[in-house]
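# What the coordinates show
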Amino acid sequence: MDPKLGWITGAHGLIGNYIVQTAARFASTWRVRGVTREQFDLLDGEAVRRELQKDRPQLIIHCAAISSVVQAQANPDLARRVNVEATRVLAELAADIQFIFLSTDLVFDGRRGNYAEADAPNPLHVYGETKAAAEQIVLKNPGHTVVRLSLVGGISRSGNRGFNEQLRQSAASGQTMRLFTDEFRSPLPASEAARAIWELAAQKSGGLFHVAGADRLSRWEIGRILARRFPEWRTNMEPALAREFPGPPRALDTSLNIARAQERLSSPLPGLAPWLAAHPNEPF
């Protein structure tokens, strides 16, 4: 029997690429097609319909997005078209097949942290608003799944998508890295996020799941942890306050409660420091 076909949209992005690359390891019963903008435009509904009818995938993991808070704030119309309308088209066309939509911790306002799936979103900016709107569309179908991620780190094709890559670029250019002591996330290596997403896909259970690291860490703490592996970064790092930083509003604590997802997974979602210690030779 031929393996089932799964689509991974946004396959050139950080998490999309990891999901494609880890399919053979975590999802050997699937063959995957990494869908990219070069193949066809997700904003072209007829092209999407045509490709779906041709391929007839049995799973779509939808990673494609305008994922930059700054970019979404600067071009809200494009952000809504990509993050909301393209998701609507895909979810409707995939009404009878498995559909997993990747969302973000930034649907929350960050006033208290440790957010569980039952907590109400209250986004502070366009990016969070578009992701929250898309979640509602997806969850109208009880067989469809939303996975909220936090900061995801790893090696991307472009070299600048992971939070670790952004720090590396700043250090290499000699820039001072002003890392916030008052902004908290739940960072997770992309390989672990991909593993969890493939496990949830295998269970075919719809609904909402938080997939993130086990530890609540400030940007400053994240930098200090990474500097254990890259000590040359230390001279470029200094603490700062997010509440004093210009630009779009920032949610200060969007750390996620991962208990629901953890109950479904075969091994724990790790904290950043333990993972780095356990994988000293894995690129990061």
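Residues numbered from 1 in each chain as written. Predicted model: local features only at pLDDT ≥ 70, side-chain atom pairs only at ≥ 80, totals over all residues. Heavy atoms only, no water.

Here we come to the overall build of the chain. A count of helical and extended segments in the chain gives 11 helices and 12 strands. Taking 2.2 N^0.38 as the reference for a compact globule, 284 residues should give roughly 19 Å; the C-alpha atoms of the chain span a radius of gyration of 18 Å, in line with that estimate. Its C-alpha atoms give the chain principal-axis dimensions of about 55 × 40 × 35 Å. Per-residue burial over the chain gives 54% buried out of 284 residues. Here the contacts in the chain between residues at least 6 apart in sequence split such that 80% fall between residues at least 24 apart. If you sum the accessible surface of the chain, you get close to 13,000 Å²; carbon and sulfur atoms cover 48% of it. Counting 34 positive and 30 negative side-chain charges, the chain places the centres of these two groups 2 Å from one another. (Helix = DSSP H or I, 4+ residues; strand = E, 2+ residues; numbered from the N terminus. Rg over C-alpha atoms; globule rule 2.2 N^0.38 Å. Buried < 20%, exposed > 50% of the residue type's maximum accessible area, 1.4 Å probe, protein only. Contact = heavy atoms within 4.5 Å. Areas by Shrake-Rupley, 256 points an atom, 1.4 Å probe, with all protein chains shown as cover. Lys, Arg positive; Asp, Glu negative; His and termini not counted. Charge placed at Lys NZ, Arg CZ, Asp CG, Glu CD.)

On to the pattern of salt bridges, then. For the structure on display, the rule yields 17 salt bridges. Of the charged contacts in the structure, one is a salt bridge between D105 and R185, with a shortest N-O distance of 2.6 Å. One end of the pair, D105, is in the loop between β4 (98–104) and α6 (126–139); the other, R185, is in strand β8 (residues 184–185), and 80 residues separate them in sequence. Of the two residues, D105 and R185, neither departs from the other in class, the shared state being buried. Taking the shortest distance from any N to any O, the salt bridge between E183 and R250 comes out at 2.6 Å. Taken together, the positions of E183 in the loop between β7 (177–180) and β8 and R250 in the loop between β12 (237–240) and α10 (259–264) put the pair 67 residues apart, joining distant regions of the chain. (Salt bridge = Lys/Arg side-chain N within 4 Å of Asp/Glu carboxyl O.)

Core analysis: the largest hydrophobic core is formed by 37 residues, its most contacted members being I15, I19, I61, L102, W198 and V211. Elements with a contribution of two residues or more to this core: α1 (14–21), β3 (59–62), β4, β5 (145–149), α8 (190–203) and β10 (207–211). The element contributing the most residues to this core is α8, with eight residues. Not counting the four nearest positions on each side in its chain, L102 is found in contact with I15, I19, H62, C63, K131, V147, L149 and I197. (Core = buried A, V, L, I, M, F, W, Y, C linked by side-chain atoms within 4.5 Å.)

This part takes up the environment of S218. The topology assignment puts S218 in strand β11 (residues 217–218). It is 5.3 Å that separates the C-alpha atoms of S218 and E183, two residues lying 35 residues apart in sequence. The residues touching S218, leaving out its near neighbours within four places in the chain, are F180, T181, E183 and F184.

A few words now on the side chain of T254. For T254, the position within the fold is in the loop between β12 and α10. Within the structure, the side chain of T254 is placed 3.3 Å from the side chain of R185, a separation counted as a polar contact. Once residues within four sequence positions are removed from consideration, T254 is found in contact with D105, L106, F108, G110, Y115, F184 and R185. (Polar contact = N/O pair within 3.5 Å; in protein donor to acceptor, adjacent residues only side chain to side chain.)

Let's shift gears to the sheet that holds strand β1 (residues 4–9). Strand order in this open sheet of six strands is β2-β1-β3-β4-β5-β10, and the pairing throughout is parallel. Taken across any chain shown, the strands that pair with only one partner, and hence form the sheet edges, are β2 (30–35) and β10. On average, adjacent strands in this sheet sit at an angle of 20° to one another, irrespective of strand direction. With five bridges joining them, β5 and β10 adopt parallel strand pairing. Following the sheet pairing, T145 is matched in β10 by G207. Of the strands in this sheet, β1, β2, β3, β4 and β5 are in contact with α1, which crosses β1 at around 160°. (Pairing = 2+ DSSP bridges. Axes fitted to C-alpha atoms, helices over the stretch in contact; angles between N-to-C directions.)

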